[in-house]
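A look at the structure
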Amino acid sequence: MRIHGLLRVVVLVVTISLTVVLLPIAINVGTGGTAPEFLAPYVDWTWPLIGVLWLVAIVTGLAEYRSRRTVRKSARSADQPRNRPNALARVDRYLADRFAGSLASQTRLALALDVSPEAVIRPYDLLVQPLNSNVTEVREDANIAAAFDDLQDSMLILGAPGAGKTTLLLELARALAAQAHHDPNSPIPVVVDLASWNATTAREEDDNPDDSPLLAGFVRWLLTELDSRYQIPAAVGRVWLSKGRLGLLLDGLDEVALAHQEKLAPVLAELGQRYLVGQIAVTCRIREYEALQHRLKLYGAVRIRPLSRQQVLDYFASGGEELAGALAAMERDDDLWDLVNSPLMLNVMALAYQGRDARDIAAGVLADHRKELFDTFVSEVLARYRPSSPQFESRAAVRSLWCLAWWTRTRAGDRIEVPRRLTPNGWYGLVLPAVGYLAHMVCLPGLFAGLAAGAAVGATALYGVSAGLAVAGIALVLVHVRPHTWWILQQGRDQPRRRLLAVMICLGLVAGLVSVLIVTALAESLPPLLGLGFQGAVVWVSYGLEYILSGNNRRRILLSVRLVGVTVASWLIFARVDDQAVFVAGCAIGLIVAQGIRFVKALPMDHLIYPHSKEEYAGARWRMDKWIGAGAITGTGVAAALGASLWWSTGPEAVLGIVAGTVAAKAWRRRAPFFAGALSRGLHGFLLRWSGYLPWRRGAFLRYAAERYVLARTGRSEYAFIHLLVRDHLAECDPDALAAKVDQRIADKSSRLAPSR
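Anyway, here's the lowdown on the structure attached to this text. Sequence order sets the numbering: in each chain, residues are counted from 1 along the sequence as written. Residues qualify for local features only when their pLDDT is at least 70, as the model is predicted, and side-chain atom pairs are given and counted only at 80 or more; totals for whole chains, interfaces and linings, by contrast, use all residues. Side-chain numbers come from the whole structure's heavy atoms, not from hydrogens or water.

Let's talk about the overall build of the chain
Of the regular secondary structure elements, the chain holds 29 helices and 9 strands. Relative to its 757 residues, the chain shows a buried fraction of 48%. For the chain, contacts bridging at least 24 residues in sequence account for 82% of all contacts bridging at least 6. When the accessible surface of the chain is split by element, carbon and sulfur atoms take 60% of a total near 37100 Å². Starting at the N terminus, helices and strands are each numbered in turn, a helix being any DSSP run of H or I of at least four residues and a strand any DSSP run of E of at least two. Working definition: with a 1.4 Å probe on protein chains only, accessible area under 20% of the residue-type maximum means buried, over 50% means exposed, and in between means partly exposed. Residue contacts are counted whenever heavy atoms from the two residues lie within 4.5 Å of one another. Only the protein chains shown count as cover for residues, and the accessible areas themselves come from Shrake-Rupley with a 1.4 Å probe.

In structure tokens:
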């Protein structure tokens, strides 16, 4: 903003200065005087230039006035009386949704806290010190709100995975929100997940010019989060941040990308100096925080103690018959005590065995590993029938959760938020044999066959069987030309592929037929010479771009020779044939068919497949001959049966044009066509859904998973895994094996509910 304001001032100064110089000269000339000798040739332009300068001055002045007025208006709008209660209502709603969809709503435990003053650097330069200058101690058995008050509203919350850090932060937010409702001077607490912060240093116009680039990016990210989560406009949020009307509760320092975690300490230190931050709390895992070189500048820190054995026993005992199975499991296997030492694991244990008979647990073989405990948890919650929620088949549900967990974990940072849209680039490295098989062994053959059939039908119907056979021939030749981008795959044969093959053949057929009809109609609508010139211009531009982008001089020479040869040969044929319009249309068919074959060859998703050895690659040289041949011959035969000419309808011009267009098309280029990447990613997403690895109805599935406590609703259409441990377990599981356990659990429940004979 400061740079743009300075630029406007400079423009005003220059404009006024030029006007002051030119105006007397113009008046002098207008009253019969003369201009300076060096300006004499430009006298006629004096008054128009003055008019332009005045217009520039007016526009610049209005822009400066509007900018200043906008700043004043933003400051006034932040003080609008309804802003504070509306924001508090949004905060209350958000906290209620977070608690309702979390495992914390199932278990209420008083977590014990230990003070860790060595974990932070206390900001003595920013606080008035107590009289005795001693370190403030947290009251014994204090809850999180009392501890926050004891630590001067500036605190770091540390804990092991699953210890309850986020739950405590939400409880703190509730307490601070209740205080803000009663005290109009108390800050509004806002819970913000740090995972999406990327430590950008790019500046924008609305940034505070006195902020460092890193702080400016942090403040801009924070204001975006407040607008997205609580509908607090950025202009209002910036004013509130400056006036100390926001309490920042930042969750998950350990979820920030590893490269950016060290930058949070200096950002928060500068934030405390540049803005009035009356309340601030940050959560982080102990291990990740101890690995940081820079400590946070906060007044104090607390650590969450692990649950004691007595707390676990008391909780299970208080659940009565509902938790008798969980208590029996704990008594039967001592190794479980080492696992159930945090609220998360206690919740997992409680939900996994809730309502199960203690005798069944005692009679069965209970595993003593965390993996199998999580398997039990997932099997139990997914097996529960809820008439008010949508139902999903077990295999599709577990596969979808596995894919979401895998993708979420492999993004930058250690996040739990489920993305609104899965960018396919995030799937690189994930090997899915079923999807790879469908892509390489079903979709490609279907598209090749359909494309050849559609192009052959169009060419045969327009110019006879000879044109259709020419299309078939060039398609067979081009599919043999490198690169070869598909593999022979054996895994995934059990996938439903007949309907998919039919869909791909139809898509290719429509694309091939429509493309041929459109280009021939356009070519024949133009004068032959103009049509040939237009196609020649397209070819020349294509070759020119290839020439510029290529750094190989030998390749440039070959491109030049090929371009000159194609141009000369095409012109000689054009000058000698009888029906030039048909020749031009044939060239268009050759161009479009060659580019279509090249486009389909660029679609395989090789990132889904493990690297192949040379022997396996040699086997992958199996071509699409039978598919292209069958498609082209079928298309030609259908067109002939419907009345097309059995040889050629006008002469050899169409065949000559098809050959010329094919040679000119550069269909052997290794670089993929412009839109091929986007279409390949779209095909990938389609196949993930077709094979059951992603849900067709995303919103319904996320609600389904949230109602079973695998996901938690974190905002409007926003969801996250209930915990990193749950996400990691799902990302590392065998989805089909886990789905079988879910089915077995459903069968067990059904057999118990069935009436006895």
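Picking up where we left off.
Looking at the packing of helix α3 (residues 83-100) against helix α5 (residues 165-182)
Axis definition: a line fitted to C-alpha atoms, over the contacting stretch in the case of helices. Angles run 0 to 180 degrees between N-to-C directions. Orientation of α3 relative to α5, taken along the N-to-C sense of each, is 150°, at an axis distance of 10 Å. Taken together, the axes of α3 and α5 lie roughly antiparallel to each other. The two elements α3 and α5 meet at a crossing, and its hand is left-handed. Residues Arg84, Leu88, Val91, Asp92, Leu95, Ala96, Arg98 and Phe99 of α3 pack against Thr166, Thr167, Leu170, Glu171, Ala173, Arg174, Ala177, Ala180 and His181 of α5. Ten residues, namely Ala, Val, Leu, Ile, Met, Phe, Trp, Tyr, Cys and Pro, are considered nonpolar, four, namely Asp, Glu, Lys and Arg, are considered charged, and the remaining ones, Gly among them, are considered polar. Its residues assigned to classes, the contact of α3 with α5 comprises 9 nonpolar, 3 polar and 5 charged. In these notes the angle categories are as follows: under 35 degrees is roughly parallel, over 145 is roughly antiparallel, 65 to 115 is roughly perpendicular, and the rest is oblique. Working rule for handedness: look at the near helix, and if it is turned counterclockwise from the far one by less than a right angle, call the crossing left-handed; if clockwise, right-handed.

Comments concerning the sheet that holds strand β8 (residues 711-715)
Should DSSP find at least two bridges between two strands, the strands are taken to pair. Across the sheet, which stays open at both edges, the 3 strands sit in the order β7-β9-β8 with antiparallel pairing between neighbours. Of all the strands in the sheet, just β7 (417-418) and β8 have a single pairing partner and so form its edges. Looking at chain direction, β7 and strand β9 (residues 718-721) are connected through 2 bridges and run antiparallel. Counterpart to Glu417 in the pairing with β9 is Ala720.

So, unusual backbone geometry
The backbone of Ala199 sits at a positive phi, close to 55°, despite the residue not being glycine. Along the chain, Ala199 falls in the loop between β3 (188-193) and α6 (213-230). Its identity is not glycine, yet Gln231 carries a phi of approximately 55°, on the positive side.

Focus: the packing of aromatic side chains
Two rings from Phe, Tyr or Trp (for Trp, the six-membered ring) form a pair when their centres are within 6.5 Å of each other. A pair whose planes differ by under 30 degrees is stacked, one over 60 is edge-to-face, and the rest are tilted. Evaluation of the coordinates by the stated rule reveals 9 aromatic pairs. For the pair Trp402 and Tyr693, a centre-to-centre distance of 5.9 Å together with 55° between the ring planes defines the contact as tilted. Linking Trp402 in helix α16 (residues 394-410) with Tyr693 in the loop between α26 (676-690) and α27 (698-707), this pair joins segments that are 291 residues apart in sequence. Taken as a pair, Trp402 and Tyr693 share a single burial class, namely buried. The rings of Trp197, Phe218 and Trp221 are connected pair by pair, giving a single aromatic cluster.

Digging into the packing of helix α18 (residues 465-480) against helix α22 (residues 580-601)
Interhelical geometry of α18 versus α22 gives an angle of 35° and a closest axis separation of 10 Å. As for the relative orientation of α18 and α22, their crossing is right-handed in sense. Residue-level contacts link Val471, Ile474, Ala475, Leu478 and Val479 of α18 to Ile589, Val593, Ala594, Ile597 and Lys601 of α22.

Digging into the pairing of strand β2 (residues 154-159)
With 6 of 6 residues buried, β2 lies mostly within the body of the structure. Side chains Ser154, Leu156 and Leu158 project from β2 onto one buried face, and the interleaved Met155, Ile157 and Gly159 project onto a second face that is buried too. Where β2 and strand β5 (residues 279-285) come together, 6 bridges link them in parallel fashion. Of the residues in β5, the one forming a bridge with Ser154 is Ile280. Across 4 bridges, β2 lies against strand β6 (residues 300-304) in parallel orientation. Its bridge partner lying in β6, Leu158 is registered against Arg303.

With respect to the nonpolar core
Ranked by size, the top nonpolar core spans 190 residues in total, and within it Leu156, Phe218, Leu253, Val282, Tyr289, Phe316 and Phe721 carry the most contacts. Beyond its immediate stretch of four places on either side in the chain, Leu156 contacts Ala119, Val120, Val282, Tyr289, Leu296, Leu298, Gly300, Ala301 and Val302. By convention a nonpolar core is built from buried Ala, Val, Leu, Ile, Met, Phe, Trp, Tyr and Cys residues, the set being connected through side-chain atoms within 4.5 Å.

Structural notes on the sheet that holds β3
Spatially, the 6 strands line up as an open sheet ordered β1-β6-β2-β5-β4-β3, and their pairing is mixed. This sheet does not close on itself; its edge strands, each paired only once, are β1 (113-115) and β3. The sheet shows a mean angle of 20° between the axes of neighbouring strands, direction not considered. Of the pairings in the sheet, the one linking β3 to strand β4 (residues 246-251) comprises 6 bridges and is parallel in character. Looking at β4, one finds that Pro189 is bridged to Gly247.

As for helix α24 (residues 625-641)
Spacing of three or four residues puts side chains on the same side of an α-helix, whose turn is 3.6 residues. How far a helix is expected to stretch is found by multiplying one less than its residue total by 1.5 Å. With 17 residues, α24 should cover 24 Å at 1.5 Å per step; its first-to-last C-alpha distance of 24 Å lies within 8% of that length. Among all positions in α24, only Ile628, Gly629, Gly631, Ala632, Gly635, Thr636 and Ala639 are buried. Projection of α24 onto a plane perpendicular to its axis shows the buried side chains occupying an angular sector of 165°, all on one side. Exposed residues lying more than 90 degrees from the buried face of α24 are Lys626, Ile633 and Ala641. Working definition: the arc comes from the directions between the helix axis and the C-beta atoms, pointing outward to the latter.

Observations regarding the side chain of Lys165
Examined against the element boundaries, Lys165 turns out to sit in helix α5. When charges are counted, neither His nor the chain ends are considered; positive counts come from Lys and Arg and negative counts from Asp and Glu. What counts as a salt bridge is simple: a side-chain nitrogen of Lys or Arg found within 4 Å of a carboxyl oxygen of Asp or Glu. At 5.5 Å, Asp254 is the nearest oppositely charged side chain to Lys165, a buried residue that forms no salt bridge. With sequence-adjacent residues up to four places away left out, Lys165 is seen in contact with Ile157, Leu158, Gly159, Ala160, Thr283, Cys284, Arg285 and Ile304.

Brief notes about the environment of Val302
Residue placement: Val302 occurs in strand β6. According to the relative accessible area criterion, Val302 is buried, its value standing at 0%. In the structure, Val302 is positioned 187 residues away from Val115 in sequence and 4.5 Å away in space, judged by C-alpha atoms.

Notes on a nonpolar patch on the surface
Only residues above 30% relative accessible area that lack a salt bridge enter a patch, with like-charged residues linked at up to 9 Å and the nonpolar side chains Val, Leu, Ile, Met, Phe, Trp and Tyr linked at up to 5 Å. On the surface, Leu529, Val564, Val568, Trp571 and Leu572 cluster together into a nonpolar patch covering about 490 Å² of accessible area. In terms of residue count, the dominant contributor to the nonpolar patch is helix α21 (residues 553-576) (4 residues). The residue Leu529 is located in helix α20 (residues 528-549) in this model.

Details of the pairing of β5
By the criterion of burial, β5 is predominantly enclosed, with 7 of the 7 residues buried. Neither face of β5 is left uncovered, since the one carrying Gln279, Ala281, Thr283 and Arg285 and the one carrying Ile280, Val282 and Cys284 both have all their residues buried. For β4 and β5, the ladder comprises 4 bridges, and the chain directions are parallel. Bridge assignment links Gly247 to a residue of β5, and that residue is Gln279.

Function cannot be inferred from these measures alone, as they are strictly geometric.
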